[in-house]
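Structural features, examined
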Amino acid sequence: MKKLFSLSLMLMASAIFAVAAFAADTIKVGVQAPITGEYANEGQGIDNAARLLADQYNAKGGLLGKKLEVFTCDDEGQAMKAAICAKELVEKGVIMVIGSYTSSAAEAAQRTYYRAGVLQTTDGTSDSLVKEGYWTFFRNSNPNSAAATFTAEYMVKVAKFKRIAIISDHSSYATGLADAVTAEVKKLKGNVVYAGKIKANSQNFTPVLTSVKALNPDVIYFAGYYSDGGLIRAQQKQLGINAEFIGGDANDNVDFAKLAGAAAKDAKIINVPTPDMLPYDSAKKFLAAYKAKYGKEIPSIWSLLNADGMLAFLTAMEKLKTTDTKKVSDWLHKNTLNGYSGKLKWDTRGERVGSTFMVYNIKADGSYGVAYPKQ
């Protein structure tokens, strides 16, 4: 019996050692994104992009001789679920996390990743994301403040709108962007005739739009998400409000035009260059690979920007020949590398340095043209 018991212990120890050895041969990557819910289109795009990049690395032998293993947690774009996702992904042993899509979800997970020494990259644009200066955090997009400056200058100085209505939802992203745009417009002596909020995902925005109509604006700027923006544009037209429509960067999604229908024509969106307009070979190849793998175009620039963040982490690890996240972070704060969306460089707070915004005009078929600056 003693021999059998000893043999059992030996077998159990061997099994545990085998599992540990297998785990040591993988590098775990987390994806925290809204896989379901109102932002599922974006979340799935982020997840798909991360998995495609992992597949490409694994096809070449992995990273530092180890296979990349991707774990996805659905935060539905909500702060509470994001906090749970962060704990789950840390427990799984991930060393980097891609996401989330919304600023509130990314911010809710930040501290957990920082305490665990897990690298995090996100397209979230809320300025508050860099206030703590966590060494683990890298924003792959531009902050609301930068977008607000460009937006205000376009509306006041370029388009010369005289009566500006600004609408947002109650999220940290939308509120921050709307407040920043309002402040910048006022700095330029522009005239904000309306500044109000909608309840996200409420479907019927006619009460707010009716109030806006009475003020006779010549432009409506919406700082919320595409899932509401498309409907606001459609209902604006139904109410006979002939003002221009300009959406903030979170309206940049193929579903905006689907929701707006015919009213999408001539609506404008302000964002960094769309994926199809990026002149880099690496971007073109990645986008072609994405379409070949998933049978559809990448949803928006946000998926590609998150892939950029992941690419930066992997590239740094290759160059340093280590998965030590602190060393990787220090290297990324001091160096510049090429990404899908151009040069990738971060300041000490994890803020991406340098980008170019554009004003896009939506055509009748849902495609984009550049309205400003003129090409």
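Below you will find a few notes about this structure. (Residues numbered from 1 in each chain as written. Predicted model: local features only at pLDDT ≥ 70, side-chain atom pairs only at ≥ 80, totals over all residues. Heavy atoms only, no water.)

**Let's talk about the overall build of the protein**
As a reminder of what qualifies: Helix numbering and strand numbering both begin at the N terminus, where a helix is a DSSP run of H or I of at least 4 residues and a strand a DSSP run of E of at least 2. Atoms counted for the radius of gyration: C-alpha only. Globule rule: 2.2 Å times the number of residues to the power 0.38. Think of it in three bands: with a 1.4 Å probe and only protein chains considered, a residue is buried below 20% of the maximum accessible area for its type, exposed above 50%, and partly exposed in between. We call two residues contacting when some pair of their heavy atoms lies within 4.5 Å. Accessible surface is estimated by sampling points in the Shrake-Rupley manner with a 1.4 Å probe; for residues, cover comes only from the protein chains shown. Only four residue types enter the tally: Lys and Arg on the positive side, Asp and Glu on the negative side; His and the chain ends are excluded. All charge positions are set by atom: Lys at NZ, Arg at CZ, Asp at CG, Glu at CD.
A count of helical and extended segments in the protein gives 12 helices and 14 strands. Against the 2.2 N^0.38 benchmark of 21 Å for 375 residues, the protein shows a C-alpha radius of gyration of 23 Å, consistent with a compact globule. Judged by the C-alpha coordinates and their principal axes, the protein covers about 90 × 40 × 40 Å. Taken over 375 residues, the protein has a buried fraction of 54%. A fraction of 67% describes how many contacts in the protein between residues 6 or more apart in sequence connect residues 24 or more apart. Of the roughly 16300 Å² of accessible surface on the protein, a fraction of 55% belongs to carbon and sulfur atoms. Here the protein contributes 45 positive and 36 negative side-chain charges, whose respective centroids are spaced 3 Å apart.

**Focus on the sheet that holds strand β2 (residues 67-74)**
The pairing of strands in a sheet happens through backbone hydrogen bonds and is either parallel or antiparallel. Test applied: We treat two strands as partners when DSSP finds at least two bridges between them. Inter-axis angles, ranging from 0 to 180 degrees, are taken between N-to-C directions of lines fitted to C-alpha atoms, where helices are fitted over the stretch in contact.
One open sheet holds the 5 strands; their spatial order is β2-β1-β3-β4-β5, and the pairing between them is parallel. The open sheet terminates on both sides in strands that have one partner only, identified here as β2 and β5 (137-139). For this sheet, the mean inter-axis angle between neighbouring strands, taken without regard to orientation, is 20°. Pairing of strand β3 (residues 96-98) with strand β4 (residues 119-122) involves 3 bridges; the strand directions are parallel. Within the sheet, the bridge partner assigned to Met96 lies in β4 and is Leu119.

**Describing the state of the cysteines**
Each disulfide consists of a covalent bond between the sulfur atoms of two cysteine residues. For clarity, the threshold we go by: Here, a disulfide means two cysteine sulfur atoms that sit within 2.5 Å of each other.
One pass over the full model with this rule turns up 1 disulfide. Note on cysteine connectivity: Cys73 is disulfide-linked to Cys85, with sulfurs 2.1 Å apart. Here Cys73 and Cys85 share a disulfide; its torsion about the S-S bond, -80°, makes the bridge left-handed. A residue pair is termed long-range when its members are at least 10 positions apart, and Cys73 in strand β2 and Cys85 in helix α3 (residues 79-92) qualify at 12 residues. Residue Cys73 shares its accessibility class with Cys85, and that shared class is buried.

**Notes on the side chain of Lys28**
Short version of the rule: Salt bridge, as used here, is a side-chain nitrogen of Lys or Arg placed within 4 Å of a carboxyl oxygen of Asp or Glu. N or O atoms within 3.5 Å of each other form a polar contact, as long as, within protein, one can give a hydrogen and the other can take it, and as long as residues adjacent in sequence are counted only when both atoms are side-chain atoms.
Turning to its location among the elements, Lys28 is positioned in strand β1 (residues 26-33). The charged side chain of Lys28 is buried without a salt bridge, its nearest counter-charge being Glu69 at 5.2 Å. Polar contacts involving the side chain of Lys28 include one to the main-chain carbonyl oxygen of Lys92, which spans 2.9 Å. Excluding residues within four positions of it along the chain, Lys28 makes contact with Glu69, Phe71, Lys92, Gly93, Val94, Ile95 and Met96.

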